[in-house]
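# Structural description and commentary
Letter by letter, the chains look like this.
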Amino acid sequence: MSQVIKNFNRYRYLLGELAKKNIKLKYRRSYLGILWTLIEPLLTMIVLSVIFGELLQRNGRDAAFEGVPFPVYVLTGRLLYSFFSSSTNSAMKSIRTNGGMIKKVYVPKYMYPLSGILSNFVIFLISLVVLVGVMVFFMVSGTYEAPMNWYMLLSVVPLINLLMLAVGTGLILATLCVFFRDIEYLWSVLLMLIMYCSAIFYFASSLGPQKQALIRANPLFGIIHNFRRALFGQPFDMTLLAYTFGVSIVAMGVGMFVFYRKQDTFILNI
């Protein structure tokens, strides 16, 4: 472990440079560039609010989020899911994408999936500006009165949890994708299932007990739910918090183990 930490410190500058490169490449051919980080979630929020807003108003709301504008509710879930989706996809493809560099220059191979996750996390943090702006808009318009309390400061805890889950999942996917290319297609289907089981544009409380239990088994739902609770001035669901951190820690442990065990054979399969 000490050798791993020493090696990481030696190449930490490279990690930052790789993350910067990923951000530049993502918006290289775009006229608006990084502004899409703000525009895309805003447009997605509008579309989902228009499509699902009226339907959910008829079917009731979650008492825990009473008074929260539906666009804000949708945006919180959509932002966290988008980061998880984009970061895991980036990490999954990172070894194959950087195959040429891996064959020529020695760099700790975990730098590639970590840089993909880090670059997407930076983009995600920037996109939170949209969430703050939308909340301020509804507060100024008088349709939402945000409860300003110390719970809101704790909203960073689910974000740390989300980053841990993304790192663990990303390392597992990066390893599997080197040997099984079909993982890319399977993961796209699983991401769709994860999205629909994360209560992004509906209220989990409107479902039956069995369906709620199924959704609560999705760690991303628990992270999104606790982020919403903290952001809207409410205490965490401690059962979900313990469960999601447990899953994230296990995912990171499994991810680091399988990546470390298989990294020396990557060059034979890329």
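Shown above is the structure to which this text applies.
Residues numbered from 1 in each chain as written. Predicted model: local features only at pLDDT ≥ 70, side-chain atom pairs only at ≥ 80, totals over all residues. Heavy atoms only, no water.

Taking 1.5 Å per residue as the helical rise, helix α10 (residues 238-262) with its 25 residues ought to reach 36 Å, and the 36 Å between its terminal C-alpha atoms agrees with that figure. Here α10 has its buried residues at Leu240, Leu241, Thr244, Ser248, Ala251, Gly255 and Phe259. Contacts from the buried residues of α10 go to α3 (70-97), α5 (111-140), α6 (156-179), α8 (209-216) and α9 (219-231). (Helix = DSSP H or I, 4+ residues; strand = E, 2+ residues; numbered from the N terminus. Expected span 1.5 Å × (residues − 1). Buried < 20%, exposed > 50% of the residue type's maximum accessible area, 1.4 Å probe, protein only. Contact = heavy atoms within 4.5 Å.)

Turning our eyes to something else, we now look at the nonpolar core. Membership of the largest hydrophobic core comes to 69 residues, with the highest contact counts inside it found for Val72, Leu80, Phe84, Ile95, Phe124 and Leu131. Going through the elements one at a time, α1 (2-26), α2 (36-58), α3, α5, α6, α7 (183-196), α9 and α10 are the ones with two or more residues in this core. The biggest single contributor to this core is α3, with 13 residues. (Core = buried A, V, L, I, M, F, W, Y, C linked by side-chain atoms within 4.5 Å.)

Before going further, it helps to spend a moment on the packing of aromatic side chains. Overall, the coordinates contain 13 aromatic pairs when judged by the stated rule. Centroid distance Phe83 to Phe121: 5.4 Å. Interplanar angle 65°. Geometry classified as edge-to-face. Residue Phe83 is found in helix α3, and its partner Phe121 is found in helix α5; the two are separated by 38 residues along the sequence. Exposure class is identical for Phe83 and Phe121. Each is buried. Summarising the aromatic geometry, the rings of Phe259 and Phe266 are spaced 5.2 Å apart at their centres and angled 75° between planes, so their arrangement reads as edge-to-face. A relative accessible area of 3% places Phe259 in the buried class. Put simply, the rings of Phe70, Tyr73 and Phe203 pair up and form one aromatic cluster. (Phe/Tyr/Trp six-rings, centres within 6.5 Å; stacked < 30°, edge-to-face > 60°.)

The next point concerns the packing of α3 against α7. Packing of α3 against α7 leaves a shortest axis separation of 11 Å and a crossing angle of 170°. Classified by the angle between their axes, α3 and α7 sit roughly antiparallel to one another. In this structure, α3 uses Arg78, Tyr81, Phe84, Ser85, Thr88, Asn89, Met92, Lys93 and Arg96 to contact α7, whose residues at the interface are Ile183, Glu184, Trp187, Leu191, Met192, Ile194 and Met195. Considering only residue class, the contact of α3 with α7 consists of 9 nonpolar, 3 polar and 4 charged. (Axes fitted to C-alpha atoms, helices over the stretch in contact; angles between N-to-C directions. Parallel < 35°, antiparallel > 145°, perpendicular 65-115°, else oblique. Nonpolar A, V, L, I, M, F, W, Y, C, P; charged D, E, K, R; others polar.)

This part covers α7. Residues that lie three or four places apart on an α-helix share one face, since the helix turns once every 3.6 residues. In this model, α7 (14 residues) spans 20 Å end to end at C-alpha, consistent with the 20 Å of a helix rising 1.5 Å per residue. Buried within α7 we find Ile183, Glu184, Trp187, Leu191, Ile194 and Met195. Taken around the axis of α7, the buried residues stretch over an arc of 110°, which confines them to a single face. Along α7, the residues that are exposed and aim more than 90 degrees away from the buried face are Tyr185, Leu186, Val189, Met192 and Leu193. (Arc of directions from axis to C-beta.)

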